[in-house]
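Listed below, chain by chain, are the residues.
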Amino acid sequence: MSKENKDYSRYFDFSDAKLIGESEDGTLKYRIRGRDITIHSQPDLLAEKKRGRQGIEVIYDHPVTEELSDFGLGKYYEIVTYGCQMNEHDSETIMGLLEQMGYTQATERKQADVILLNTCAIRENAEDKVFGEIGHLKSFKLEKPSLILGVCGCMSQEESVVNRILQKHPHVDLIFGTHNIHRLPKLVQEAYYSKEMVVDVWNKEGDIIENLPKKREGIKAWVNIMYGCDKFCSYCIVPYTRGKERSRRPEDVLLEVRDLARQGFQEITLLGQNVNAYGKDFTDLNYTFADLMDDIRKIDIPRVRFTTSHPRDFDDALISVLAKKGNLVEQIHLPVQSGNSLILRKMGRKYTREHYLELAGKIKKAIPDAVLTTDIIVGFPGETNEQFEDTLSLVKEVGYDAAFTFIYSPRDGTPAAVMEDNVPMEEKKERLHRLNELLGEFSRRSNEKMVGQTVEVLVEGESKNNPHVLAGRTRTNKLVHFHGSRDQIGKMVEITITGAQTYYLRGENKEWITSGGAASFA
Ligand code: SF4
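The model shown is predicted, which means the values in this text are computed figures rather than measured ones. (Residues numbered from 1 in each chain as written. Predicted model: local features only at pLDDT ≥ 70, side-chain atom pairs only at ≥ 80, totals over all residues. Heavy atoms only, no water.)

J.: Describe the packing of aromatic side chains, and please don't skip the residues or the numbers.
T.: The full count for this structure, using the stated rule, is 10 aromatic pairs. The interplanar angle of 75° and the centroid separation of 5.3 Å between the aromatic rings of F289 and F306 together place this pair among those described as edge-to-face. Of this pair, F289 sits in helix α9 (residues 289–296) while F306 sits in strand β16 (residues 303–307); the two residues are 17 residues apart in sequence, bridging distant segments of the chain. Of the two residues, F289 and F306, both sit in the buried class. An aromatic cluster is present here, built from F71, Y192 and Y193 joined pairwise through their rings. Between K195 and the ring centre of Y192, over which it is positioned, the NZ or CZ distance is 4.4 Å. Above the plane of the ring of F282 lies R249, whose end atom (NZ or CZ) is 5.1 Å from the centre. (Phe/Tyr/Trp six-rings, centres within 6.5 Å; stacked < 30°, edge-to-face > 60°. Helix = DSSP H or I, 4+ residues; strand = E, 2+ residues; numbered from the N terminus. Buried < 20%, exposed > 50% of the residue type's maximum accessible area, 1.4 Å probe, protein only. Lys NZ or Arg CZ within 6 Å of the ring centre and 35° of its normal.)

J.: Please set out the domain arrangement of the protein chain residue by residue, giving values where relevant.
T.: When its domains are assigned, the protein chain resolves into domain 1 (8–200), domain 2 (216–448) and domain 3 (454–514). Here the C-alpha centre of domain 2 lies 30 Å away from the C-alpha centre of domain 1. Opposite the 27 residues of domain 1 that make contact, domain 2 presents 32 residues. Together, the buried faces of domain 1 and domain 2 total about 2700 Å²; carbon and sulfur atoms form 56% of this surface. On inspection of domain 1 and its partner domain 2, the count reaches 3 salt bridges. The partner of E127 in a salt bridge is R411, with the nearest N and O atoms 3.1 Å apart. Taken together, the connections running from domain 1 to domain 2 amount to 10 residue pairs in polar contact (both at pLDDT 80 or more). (Domains from an automatic or database assignment. Contact = heavy atoms within 4.5 Å. Buried area = accessible area lost by both parts, 1.4 Å probe. Salt bridge = Lys/Arg side-chain N within 4 Å of Asp/Glu carboxyl O. Polar contact = N/O pair within 3.5 Å; in protein donor to acceptor, adjacent residues only side chain to side chain.)

J.: Before we move on, could you go through the packing of helix α3 (residues 124–136) against helix α5 (residues 159–168) and cite the residues and values that matter?
T.: Two numbers describe how α3 lies on α5: the axes approach to 12 Å, and their chain directions differ by 20°. Taken as axis vectors, α3 and α5 run roughly parallel relative to one another. With respect to the hand of their crossing, α3 and α5 are arranged in right-handed fashion. Across the interface between the two elements, E127, F131 and I134 from α3 touch V161, R164 and I165 from α5. When grouped by side-chain class, the residues that make up the contact of α3 with α5 number 4 nonpolar, no polar and 2 charged. (Axes fitted to C-alpha atoms, helices over the stretch in contact; angles between N-to-C directions. Parallel < 35°, antiparallel > 145°, perpendicular 65-115°, else oblique. Left-handed = near helix turned anticlockwise from the far one by under 90°. Nonpolar A, V, L, I, M, F, W, Y, C, P; charged D, E, K, R; others polar.)

J.: I'd like a rundown of the nonpolar core, residues and numbers included.
T.: One finds I268, L270, F289, M293 and F314 to be the most contacted residues of the largest nonpolar core, which totals 70 residues. For F314, the residues in contact, after removing those within four places along its chain, are N276, F306, S309, I319, L322, I332, L334, L359 and I363. (Core = buried A, V, L, I, M, F, W, Y, C linked by side-chain atoms within 4.5 Å.)

J.: Account for the packing of helix α8 (residues 250–262) against α9, with residues named and values stated.
T.: Relative to each other, α8 and α9 sit at 30°, their axes nearing to 11 Å. It follows that α8 is roughly parallel to α9 by the angle criterion. Between α8 and α9 lies a crossing of right-handed hand. On the side of α8, the interface is formed by V253, L254 and V257, while α9 contributes L292, D295 and I296. Its residues assigned to classes, the contact of α8 with α9 comprises 5 nonpolar, no polar and 1 charged.

J.: I'd like a description of the site of the ligand, backed by residues and values.
T.: Neighbouring the ligand are the residues C229, K231, F232, C233, Y235, C236, V238, P239, H310 and R349. Class assignment for the residues of the shell around the ligand results in 7 nonpolar, 1 polar and 2 charged. (Near = heavy atom within 4 Å.)

J.: An account of empty space enclosed by the protein is needed here, citing residue identities and associated values.
T.: To find leftover empty space, a probe the size of one water molecule is rolled over the atoms. Throughout the structure, instances matching the rule amount to 2 cavities of 30 Å³ or more. Size it by volume and the largest cavity reaches roughly 340 Å³. Forming the walls of the largest cavity are 24 residues, and the residues nearest its centre are D90, T178, I209, L212 and Y227. Listed by contribution, the elements that provide at least two residues to the lining of the largest cavity are α2 (85–100) and β11 (208–210). Tallied by class, residues from the lining of the largest cavity come to 6 nonpolar, 10 polar and 8 charged. Contributing to the lining of the second largest cavity are I32, R33, R35, I37, L166, Q167, P170 and M197. Among the secondary structure elements, those contributing two or more residues to the lining of the second largest cavity are β3 (35–41) and α5. (1 Å grid on protein atoms, 1.4 Å probe; cavity = no way out; pocket = protein on both sides within 12 Å on 5 of 7 lines; lining within 4 Å. Points joined across faces, edges and corners; volume = space filled by probe spheres on them.)

J.: Run through the confidence of the model for the protein chain, naming residues and quoting values.
T.: Confidence in the prediction for the protein chain averages 92 pLDDT; 96% of positions are at 70 or higher. Taken together, the stretch residues 1–11 has pLDDT below 50 and engages in 24 contacts with residues farther than four places along the chain or on a different chain. (pLDDT = per-residue confidence, 0-100.)

J.: Residue-level account of unusual backbone geometry, with values.
T.: The omega angle of the peptide bond from T307 to T308 is 15°, so this bond is cis rather than trans. Relative to the helices and strands, T308 is located in the loop between β16 and α10 (316–322). A positive phi is found at K195, a non-glycine position, where the angle reads about 60°. By relative accessible area, K195 is classed as exposed at 55%.

J.: Got a sec to walk through the sheet that holds β16? Specific residues and values, please.
T.: Taken in spatial order, the 3 strands line up as β12-β15-β16 in an open sheet, and their pairing is parallel. Every other strand in the sheet has two partners, leaving β12 (220–224) and β16 as the edge strands with one partner each. Sheet twist, expressed as the average angle between the axes of neighbouring strands with direction ignored, equals 25°. Relative to strand β15 (residues 267–271), β12 runs parallel, the two sharing 5 bridges. Within the sheet, the bridge partner assigned to N224 lies in β15 and is L271. Where α2 meets the sheet, it contacts β12, β15 and β16, and its direction lies at approximately 100° from that of β12. (Pairing = 2+ DSSP bridges.)

Structure follows, in structure tokens:
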């Protein structure tokens with residue numbers, strides 16, 4: 001860790017931070033309001049913006065050493081995960097590491113000896129929720145001083161967040177980031193013995209850490225194929241919190257997918273902030289996302305999904321591979337964000353409305369039964385009503401099955417944050433309402449078209465609302481409720497669709513009926 005970014009004074013805008021020590025590796029020790037704080041490294045937005053200075057290392061690391069393998073024996077952990085699939089998958093790695101240290105997942109909070117909040121920085125309300133939880137956890141820390149309370153994930157990569165924790169939440173024991181999850185065993189040990197707050201957030205462009213243990217459950221698995229993002233959309237904090245685009249080696253991805261197939265997983269979702277950029281950073285081989293999908297198509301795993309795509313990198317080669325189908329399901333998540341080219345330019349999306357519609361048209365031509373879903377932001381700075389109407393008309397033209405819709409939320413440090421956020425909140429809410437109404441209409445219509453069809457459904461479990469009803473998903477990721485027996489969970493079954501709602505379908509389970517089960521819903 002180089003000396004020059006050791007000057008932490010620009011982070012602490014409060015006078016009573018007393019420097020009490022500095023060790024060889026440049027680690028600094030501060031005392032703030034009676035709490036000693038060890039800072040190995042702290043987030044630096046300026047450094048996180050930079051690209052192209054550091055090479056990418058692929059590290060086949062084994063962080064849980066012999067010495068640490070029984071550190072957690074008889075102890076319990078709890079993880080609270082916020083945000084996207086990437087965070088959920090990171091939490092699986094964090095659980096894998098803690099369980100390799102001997103910890104067991106707590107069944108109730110007061111049992112926990114380690115509580116980690118794996119945070120999301122994508123929107124303001126996500127951050128507010130986390131600070132609410134940190135405040136709420138103070139009572140647990142007072143009751144159990146040996147409890148290790150930690151914050152990780154994307155919020156930890158933000159200077160303002162770490163500053164706020166140092167200032168307002170001295171009961172937090174550990175802060176680490178998205179680049180050094182593999183350091184967790186050591187950091188938990190340090191926080192436990194030192195009784196100090198330990199801060200270790202790396203400002204790296206990013207490496208690839210392989211062979212980390214993962215605690216996966218159920219029949220579906222996440223598989224990272226790449227990390228980070230270089231698109232720098234003007235409203236997005238991800239390129240700063242997740243580092244540069246870096247692809248895992250194809251052989252490592254294929255090895256993991258084959259292993260999951262052997263373990264009997266029925267569905268995998270390939271993860272990346274922008275999966276279509278997979279392979280663009282390879283300097284020693286010409287191997288693209290289309291090549292990877294074509295190789296995964298040959299592996300005996302029933303279903304393969306991927307997220308998230310960027311329209312700018314979604315090429316014809318990928319479309320033709322997806323058109324081969326097999327285990328490559330016909331559901332594509334293709335974020336558009338806005339239907340107006342001027343707003344798209346202000347967002348830094350680097351494609352136009354026309355480009356997007358042409359791409360959606362190409363996909364539907366090559367895969368006629370493909371289902372498209374998307375992400376849309378309303379109320380971006382300067383968005384006029386006419387420009388919003390362009391978003392509505394694009395939704396009608398594409399005919400999405402579903403979408404994640406958001407009101408624009410300024411993120412500190414992003415270019416859009418300095419743009420005048422001049423769309424009144426009332427207007428933003430009104431636009432969001434109109435958009436969700438329209439999307440609901442399309443979702444209902446698409447579901448109604450399925451009535452009478454018999455489709456393959458992967459049975460995921462009992463319906464959240466009725467334990468006597470099973471729930472599963474079609475290849476196009478539509479939720480289906482039907483009667484069945486618990487031993488069908490985890491299996492593919494043929495379901496005849498008998499009814500349609502906006503966000504789910506009802507169906508008849510022939511296999512179960514012929515085995516004497518009840519036909520339809522009571
Ligand atoms: S492509 Fe996605 S993750 Fe990357 S900067 Fe844009 S919105 Fe953020």
